Amino acid sequence: MAAAIDGIFPASLQELVKKSKVLVVGAGGIGCEVLKNLVLSGFTDIEIIDLDTIDLSNLNRQFLFHREHVGKSKARVARESALSFNPDAKITAYHDSVTSTDYGVNFFKKFDVVLSALDNRAARNHVNRMCLNADVPLVESGTSGYNGQVELIKRGLTQCYECMPKEAQRSFPGCTIRNTPSEPIHCIVWAKHLFNQLFGESQEDEDISPDAADPDAKDASEKDGEADAENKEKDEEADKDEADKVGVAANGNIVRINTRQWAKDCNYDAGKLFNKFFNEDINYLLCMSNLWKTRKAPVPVQWDTLLPEGAADGETEFAKQHHKVWSVEESAHIFANALKELRASLLKLEGDDTLVWDKDDRPAMDFVAACANVRSHIFNIEQKSRFEIKSMAGNIIPAIATTNAITAGISVMRAFNVLESKWEQCKAVYTRLRLNARNQILVPELFFPKPNPNCYVCSSDPAIGLKIDTKKVNIKQLRDDVLIKTLNMLNPDVTVESTGSILISSEEGETESNEGKLLSEMNIVDGVILKCDDFFQNYELSIIISHFDSERDEALFEVIADPNQLKPKEQDKEETVVESEEKVAKKRSANGNEVAADDGPSTSKKSRPTIVEDDDDDDCLLIEEDETAAEEAAVVSDKQSSPKTATKRKPSTEVIDDDEDITEILDSSDEEAAGPTQCKRSRLDEHPTPVEIINID
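Residues numbered from 1 in each chain as written. Predicted model: local features only at pLDDT ≥ 70, side-chain atom pairs only at ≥ 80, totals over all residues. Heavy atoms only, no water.

Peer 1: Help me understand the pairing of strand S13 (residues 492-496) in this model?
Peer 2: The two faces of S13 differ: Pro492, Val494 and Val496 on one face are buried, but Asp493 and Thr495 on the other face are not. One ladder, built from five bridges, connects S13 with strand S15 (residues 529-534); its direction is antiparallel. Across the sheet, valine 494 pairs through a bridge with cysteine 532, a residue of S15. In the sheet, S13 pairs with strand S14 (residues 502-504) via two bridges, with the strands oriented antiparallel. Following the sheet pairing, threonine 495 is matched in S14 by isoleucine 502. Hairpin connection between S13 and S14: a loop of five residues separates the two successive antiparallel strands, and glycine 500 in this loop has a positive phi of roughly 80 degrees. (Buried < 20%, exposed > 50% of the residue type's maximum accessible area, 1.4 Å probe, protein only. Helix = DSSP H or I, 4+ residues; strand = E, 2+ residues; numbered from the N terminus. Pairing = 2+ DSSP bridges.)

Below, the structure is given as C-alpha cells:
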C-alpha cells in the first residue's frame with residue numbers, strides 16, 4: 001500500500017493517511033473505485049454504506065463485483081473484494097440506508113472526511129446536511145456518461161449542495177397521461193402508474209382511467225358550467241364502463257371497489273384486463289369528441305383479435321430480444337406472461353404489502369414495456385424497444401467505467417488535500433466530454449463559490465417563503481409533499497410562531513387528528529410564520545406562508561428560498577429605486593412593467609401532473625460552449641484588450657477565464673427522461689460590468 005512505503009507521500013501526509021477515518025457513502029460505479037483507491041493508497045480505517053444489492057447490469061462497470069455476487073449486498077461484497085488488496089485494512093460495511101436514524105450527526109462526527117458516491121438527490125441532500133452539522137468536509141462526486149464532477153463542500157468555505165437551485169424535474173399534466181398522450185414517455189409513465197394500480201402502492205394522482213374532467217374535452221358551454229344532455233350521457237357511459245369494478249353491499253346497494261380489487265376478483269385474467277385498459281377505456285375516450293377535433297383519434301385494440309385463445313401461453317424467444325421493437329401482438333403476449341408472474345409474486349406477500357416497481361425486475365419491466373407499446377400503438381406514437389423503455393422509465397444515463405475511475409481518482413486526491421487542510425487546492429474539477437480550447441479534459445474551477453446567503457440549509461438563519469393554496473392543501477400534504485419530499489426533512493416538528501401551537505409532531509399519533517384538516521381551517525393563512533425543526537438532521541427552518549388561489553393543474557405550492565421575493569411589487573420598487581438604470585432595465589418585461597428579481601432558489605410541486613423521477617445512476621448536467629466558439633473566444637482574448645465574460649456555473653465576483661468550458665453535475669432526474677446526456681450551450685454574454693480576463697495555461 002502506498003502509505004506503507006516511505007517516499008511515495010510526504011511524511012506528514014503519509015502519517016495522516018494511516019491515522020484518518022474515512023466514510024464512503026455509496027458502493028456503486030464511483031463508490032467501488034473510491035474504495036479501491038482508498039485501500040491502495042494506504043487508508044486502513046474505512047466505513048462504507050449502501051442499501052442496494054448487486055444486479056447483473058452492474059458488472060460492466062463495478063469491478064469489485066462478479067457474477068456470483070448478483071443479489072448480494074453491494075457494501076458487504078465491496079468490503080470483501082477490497083480486503084483482498086490489503087487484508088490488514090479495517091473496513092466496516094453497512095447494508096443500510098444512510099438516511100436511517102442510526103446514522104445521525106454523531107455518527108458523521110467520527111470521520112475526518114466523507115466521500116459521497118450517491119446516485120439520487122434526496123440522499124445527497126441528507127448527507128450534505130449531516131456533514132454541515134457535523135462540520136466534516138464532504139467530497140461530493142457524480143458522473144453521467146463521459147461527464148463528471150468532484151467538488152468540496154465545507155461549512156463556511158464553499159457552497160453546500162443545496163445552495164443553488166436544481167432544475168425542476170420534468171412533469172406532465174395528468175390529463176395528458178390519461179387522455180391525450182403524444183410522446184413515448186407519456187405511455188411509459190401511464191404503464192408505470194398501471195403497475196402501481198395493480199400491484200404496487202398506488203397514489204391518488206396516479207389514476208390511469210380516462211379523465212372526464214379534462215378541460216379540452218368540454219365545449220364552451222360546458223366550460224361555463226352549463227352541462228347538457230350529451231355530458232350526462234358521457235357520465236352514464238363512464239359509470240357503465242366502471243360496472244365491472246363494483247361490489248354489492250349487505251343492503252344490496254352498489255359499492256365501487258378499486259382497480260386492484262377488481263383485478264383480484266377477475267383473478268388477474270389477462271383478456272379482461274387487456275380489454276378494459278386498451279379497448280373499453282379507449283372507446284370511452286373516443287366519446288370525448290372535442291379531444292379529437294385537432295388530434296388523431298386513438299384506435300382501440302381487442303384481446304381476441306390479437307391473441308386467439310391459448311396463444312399467450314408459454315415463453316417465446318422475442319421476449320428476450322430487448323433491442324427489438326415488439327409488435328402489438330408480441331406486446332400482448334408478453335403482457336399476459338408478465339401479468340401471471342406478477343400475480344404470483346403479489347400473492348406471496350403478507351398482509352397489505354405490495355410490489356415495488358424496479359427496472360431490473362424482469363416481469364415488472366416486461367409489463368411496463370408491453371403496456372407502453374400497446375398504448376403507443378393505439379395512439380399512433382412511435383414504439384420503443386424494451387431496452388429504450390428501460391432507459392426512459394428509469395431515467396437512466398449510460399454509465400462509463402472510465403469516467404467513474406477518473407472521478408473516483410480525483411475524489412481521493414481531494415481527500416489528500418482535505419487531510420492536509422490545503423483548501424485552496426480543493427477547488428472543483430470537471431471532466432469534459434471533449435478537449436476544450438486549451439486542450440483540457442479535466443477543467444479545474446478557478447474559485448470557491450461562496451455560500452449562498454439565502455440558502456435555506458447553510459445560512460445563519462434559514463428561512464423560506466412558501467406560496468401555497470391554504471384552502472386546498474391539508475396538514476398531511478404540508479408534511480409529506482412540502483417538508484419531506486421537497487425540503488428533504490425526515491421527521492419534522494412544526495409549530496406556529498405566534499401562538500406556539502403544535503401543528504405537526506414527529507411523535508407518532510400526537511397530531512394525527514390534524515392531518516386531514518386544511519391549512520386555512522387551522523388558521524394557517526397569509527403571513528403566518530411556521531417554525532420547523534428536524535431533530536435528527538439538527539435542522540431548523542422558518543417558513544413564511546403566502547396564500548394564493550390555484551387554478552386547475554397549477555402547482556399547489558412553490559418554495560422560494562429568498563423570503564424577500566414575497567414582498568409586494570410596490571415595496572420592491574421602493575427598495576430598488578437606487579439601482580442603476582442598466583439593472584432596472586433588466587427587470588422590465590416586454591411591456592415595460594416591473595418584475596420581481598429572482599435572487600434565490602425556487603422549487604414547486606404540482607398536485608396533478610406526473611413528475612418523472614430518477615431511479616438510478618450518478619448525476620450530471622453539462623454546460624459547455626461549442627468548440628468553435630471556445631476557440632474563437634481564445635483568439636479574441638489574446639488579440640483584444642476589451643473585457644468579456646463567459647457564463648459560469650455559479651455566480652461569483654471573482655475573475656474568470658472565458659476560455660474555460662465548465663460542466664455542472666446535477667441529478668439524473670434533471671435530465672430529460674428520454675435518456676442520453678444533453679448539452680446546454682453557454683455563449684459569451686454581454687455584461688453590464690466589465691470583468692478582467694485572466695488566461696491561465
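Peer 1: Looking at this structure, how should I read the sheet that holds strand S1 (residues 21-25)?
Peer 2: Sheet strands pair by backbone hydrogen bonding; their relative direction is either parallel or antiparallel. Within the open sheet, the eight strands sit side by side as S3-S2-S1-S4-S5-S6-S10-S11. Their pairing is mixed. Each edge of the open sheet carries a strand with a single partner, namely strand S3 (90-94) and strand S11 (442-444). Averaged over neighbouring strand pairs, the angle between their axes works out to 15 degrees when direction is ignored. Two strands pair when backbone bridges link them, and strand S2 (residues 45-49) and S3 are joined in this way by five bridges, in the parallel orientation. Of the residues in S3, the one forming a bridge with isoleucine 49 is tyrosine 94. (Axes fitted to C-alpha atoms, helices over the stretch in contact; angles between N-to-C directions.)

Peer 1: Help me out: how do you make sense of the packing of helix H7 (residues 184-198) against helix H14 (residues 362-378) in this one?
Peer 2: The relative placement of two packed helices comes down to the angle between their axes together with the axis-to-axis distance. At a closest axis distance of 8 Å, the pairing of H7 and H14 adopts a crossing angle of 130 degrees. Taken together, H7 and H14 sit at an angle that is classed as oblique. Seen from above, H7 lies across H14 with right-handed handedness. The residues of H14 that touch H7, namely those facing Cys187, Ile188, Trp190, Ala191, Lys192, Leu194, Phe195 and Leu198, are Ala364, Phe367, Val368, Cys371, Ala372, Arg375 and Ser376. Looking at the contact of H7 with H14 residue by residue, the classes come out as twelve nonpolar, one polar and two charged. (Parallel < 35°, antiparallel > 145°, perpendicular 65-115°, else oblique. Left-handed = near helix turned anticlockwise from the far one by under 90°. Contact = heavy atoms within 4.5 Å. Nonpolar A, V, L, I, M, F, W, Y, C, P; charged D, E, K, R; others polar.)

Peer 1: How should helix H2 (residues 29-41) be read in this particular structure?
Peer 2: Given 3.6 residues to a turn, an α-helix orients residues that are three or four positions apart in the same direction. When the terminal C-alpha atoms of H2 are compared, their 19 Å separation across 13 residues agrees well with the 18 Å that a helix rising 1.5 Å per residue should span. All of the buried residues along H2 are Gly29, Ile30, Gly31, Cys32, Glu33, Val34, Leu35, Asn37, Leu38, Val39 and Ser41. Remark: glycine 42 follows H2 within two positions and exhibits a positive phi of approximately 110 degrees. (Expected span 1.5 Å × (residues − 1).)

Peer 1: Help me understand the nonpolar core in this model?
Peer 2: Across soluble globular proteins, nonpolar side chains have a tendency to be buried as a group. In this structure, Phe199, Phe335 and Phe367 are the most contacted members of the largest nonpolar core, which totals 61 residues. Broken down by secondary-structure element, the contributors of at least two residues to this core are H7, helix H10 (259-265), helix H11 (270-287), helix H12 (303-306), helix H13 (328-347), H14 and helix H15 (386-393). Here this core gets ten residues from one element, more than from any other, and that element is H14. Contacts of phenylalanine 335, omitting those with residues within four sequence positions, involve Ala270, Leu273, Phe274, Trp303, Phe367, Ala370 and Cys371. The next biggest cluster of nonpolar side chains, apart from the first, holds 54 residues, and it includes Leu118, Val136, Ile543 and Val559. (Core = buried A, V, L, I, M, F, W, Y, C linked by side-chain atoms within 4.5 Å.)

Peer 1: Help me understand the pattern of salt bridges in this model?
Peer 2: Two side chains carrying opposite charge are able to pair once their charged atoms lie near each other. Scanning all chains against the criterion turns up 24 salt bridges. Between lysine 276 and aspartate 281 there is a salt bridge, with the nearest N and O atoms lying 2.5 Å from each other. In this structure aspartate 281 comes out as buried when scored by relative accessible area, which is 4%. Between aspartate 481 and lysine 485 there is a salt bridge, with its nearest N and O atoms 3.7 Å apart. Of this pair, aspartate 481 and lysine 485 both sit in helix H17 (residues 475-486), separated by four residues, roughly a single helical turn. (Salt bridge = Lys/Arg side-chain N within 4 Å of Asp/Glu carboxyl O.)

Peer 1: Honestly, the packing of H14 against H15 in this entry has me stumped. Any pointers?
Peer 2: Orientation of H14 relative to H15, taken along the N-to-C sense of each, is 100 degrees, at an axis distance of 10 Å. Considering the angle they form, H14 stands roughly perpendicular to H15. Along its contact with H14, which presents Arg362, Met365, Asp366, Val368, Ala369, Ala372 and Asn373, the element H15 presents Arg386, Ile389 and Lys390. Tallied by class, the residues present in the contact of H14 with H15 amount to five nonpolar, one polar and four charged.

Peer 1: Even after reading the chapter, I still don't get the side chain of asparagine 279, so can you show me in this structure?
Peer 2: Structurally, the position occupied by asparagine 279 is in helix H11. Excluding its chain neighbours within four sequence positions, the residues that come into contact with asparagine 279 are Phe274, Pro300, Val301 and Gln302.

Peer 1: Please explain the environment of valine 127 as it appears in this structure.
Peer 2: By secondary structure assignment, the location of valine 127 is in helix H5 (residues 121-134). Valine 127 gets classed as buried once you look at its relative accessible area, which sits at 1%. As for valine 127 and leucine 138, which are separated by eleven residues in sequence, their C-alpha atoms are 8.5 Å apart.

Peer 1: How should I be thinking about the pairing of S2 in this particular structure?
Peer 2: On a regular strand, each side chain points to the face opposite its neighbour's, so the side chains alternate between the two faces of the sheet. Taken across its five residues, S2 has five buried, putting it largely inside the fold. Side-chain alternation along S2 places Asp45, Glu47 and Ile49 on one buried face and Ile46 and Ile48 on a second face that is also buried. Here S1 runs beside S2; their pairing, made up of five bridges, is parallel. Across the sheet, valine 22 pairs through a bridge with isoleucine 46, a residue of S2. In this fold, the crossover linking S1 to S2 by way of H2 has right-handed handedness. Considered for its hand, the β-α-β crossover made up of S2, helix H3 (residues 74-83) and S3 is right-handed. (Right-handed = clockwise from strand over helix to strand, strands pointing away.)

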